[in-house]
Amino acid sequence: MSTVQPTTEELAAQVAKRRTFAIISHPDAGKSTLTEKILLYAGAIELAGAVRGRKSRRHVVSDWMEMEQQRGISLTSTALEFDLNGFHVSLLDTPGHQDFSEDTYRALIAADSVVMVIDAAKGIEAQTRKLFEVCKRDRLPILTFVNKLDQPGRDPLELLDEIETTLGISAAPLNWPIGVGADFRGVFDLRQRTVLLYERSGKGERPAPVEVQHHRDPRLADLVGERVVREFQESVEIIASAGTTFDQAEYLAGRQTGVLFGSALANFGLEPFLDALTAIAPPPRARQSDVGLIDPASPDFTGFVFKIQANMDRRHRDRVAFVRVCSGRLMKDMLLTNGRLGQQVRAARTYRMFGRERQTSNEAVAGDIVGLVNPGRFAIGDSLYEGRPVRFTSIPRFPAEHFGRLRLNDSRHKQFDDGVRQLEEEGSVQVLFPKSGGRDPVVAVVGSLQFDVIASRLRTEYNVDARVEPLSYHCARWVYGPAESTADLKGLDHSVMQTLDRQGHLVLLFPSAWALQYAERQNPGVRFAATPD
């Protein structure tokens, strides 16, 4: 392995070839299927799995947890790294279900752009809207893939209008469908003036594009039929006269989304989508820090931890910290400084990630997602650097909305405690310890489906039989201020549960919004925080 540092020009050239993007959608829009087909077309896998289907079928690469495979949904964000069209791509597949939004938000922080998947029949759904707002806040460029065109769906013009009115972003089609549902015949590339024909009996084969002179080329009628081509031509003329033309600068500024149509399950429309992704999606961007913007081509290594995952490989029983490289080059065995701890950590084991699989990595540059084995030295939000100290913008925590008492059904107390601690370290669960009423911890989560995940993972990963009993509390508040204990607080009664977090901070669980407001009025000098400082 070479230890010679690349020149600024060499490093900049490597960074320019990086594409790091996340995929977001509402559940069942086809996000995991699209992810799998991207990997198939890129040659990263040999056989695409099916999200639904017979038990004998493979599961998608990005859904590696047992519960994900059983329910056919994504529960945790996953990093997948591969080469495509001469670019080195890092894809972050995110959970679509709202109960796992916190994990998705963190993945978006690590991305440079986003692919938004929309169901052609359902359009913009609730979770898509919420995730879009996060992308808008961070000004992430968004490329939209309208999926399931081969199934009954809404008029494409109506979908474009909904994107613009619901999300407040202009929508510029890059290709246009020829028919929808049973009439779907293919897509027309608006810039290259080529037609990619869809064949239902093709079984995934990709017919060569047909070059046409114009959307009114008379050959189109012979290819797709008179009625279908007439409706297609009318739609194209509408968008030509009143639609939005794609503008790269507007896309990069997050004010416009390029829209492509296709069907991930039917393997159709993926090549134009992938060509557009690598051609127009941005390379790694400068990152904001406490010392200003960090240029991705800067020679000094910087990065931050945005995710921690335990037990991806049960043979090793280790924890992996996912690091987004922001600048410079990370090399195996490099000494890094963890700014939170003020201590040096050796990157002795660095990995490139592909779902749950990992491969030893000798070096990585800005834009890459790297896995570092975590011996308890990393936490979500940690800034890592070599040389000048850098602290990146903190990763937000989200207030818990659901609470439950975690009960151990057997006598495996050590395994239970280890499992709970490691799940807490991943950041999707907050663990609180009642000051009275037994040793069973209280788990606080953003979505109630997390309770099932906790019990399932304790069983499958730690061989612990446990259950979560829901509690009817409205919110949790960390207490900061002159009050040293609940004895110093006014306005509390037996309905407020008193707990401590792992660091010994006082946390109160309130049964209602009124109870919280009353406590705040009674204790004007105390701050009741929805998340820990």
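Refer to the structure above for everything that follows.
Because the structure is predicted, anything quoted here is derived from the model rather than measured. Once a new chain begins, its residue numbering starts again from 1 and follows that chain's sequence as written. Per-residue local features of the predicted model are confined to residues with pLDDT of at least 70, and side-chain atom pairs are confined, for both listing and counting, to 80 or more; whole-chain, interface and lining totals are unaffected and use all residues. Hydrogens are left out, water is left out, and the side-chain values use all remaining heavy atoms of the structure.

S.K.: What is the right way to look at the pairing of strand 19 (residues 350–354) in this model?
M.R.: For a regular strand, side-chain orientation follows a simple rule: the groups alternate between the two sheet faces. Burial status follows relative accessibility: with a 1.4 Å probe on protein chains alone, a residue under 20% of its type maximum counts as buried, one over 50% as exposed, and anything between as partly exposed. We count a stretch as a helix when DSSP gives it H or I for four or more residues in a row; a strand needs E for two or more, and each element gets its number in order from the N terminus. Of all the 5 residues making up strand 19, 4 are buried; the element is thus mostly covered by neighbouring parts of the structure. With 3 bridges connecting them, strand 19 and strand 22 (residues 369–373) associate as antiparallel partners. Residue pairing for strand 22: Tyr 351 is matched across the bridge by Gly 371. In the sheet, strand 19 pairs with strand 20 (residues 357–360) via 4 bridges, with the strands oriented antiparallel. Opposite Phe 354, over in strand 20, you have Glu 357 as the bridge partner. The pairing criterion is simple: DSSP has to find at least two bridges between the two strands.

S.K.: Honestly, the packing of aromatic side chains in this entry has me stumped. Any pointers?
M.R.: Both the distance between ring centres and the angle between the ring planes are used here to describe each pair of aromatic rings. Note on aromatic contacts: the rings of Phe and Tyr and the six-membered ring of Trp form a pair at centre separations within 6.5 Å, being stacked when their planes are under 30 degrees apart, edge-to-face when over 60 apart, and tilted otherwise. One pass over the full model with this rule turns up 12 aromatic pairs. Note on Phe 510 and Phe 528: the rings are 6.2 Å apart at their centroids and 75° apart in plane angle, and the pair reads as edge-to-face. In this pair, Phe 510 is assigned in strand 30 (residues 506–510) and Phe 528 in strand 31 (residues 527–529), connecting sequence segments 18 residues apart. According to the relative accessible area criterion, Phe 528 is buried, its value standing at 10%. Feature note: the residues Phe 184, Tyr 198 and Phe 268 constitute an aromatic cluster, connected by ring pairs. Comment: the charge-over-ring label is applied if NZ (Lys) or CZ (Arg) is within 6 Å of the ring centre and within 35 degrees of the ring normal. The ring of Phe 87 has Lys 17 sitting right over it, with the charged end atom 4.6 Å from the ring centre. The residue whose ring lies beneath Lys 307 is Phe 322, and the NZ or CZ to ring-centre distance is 5.9 Å.

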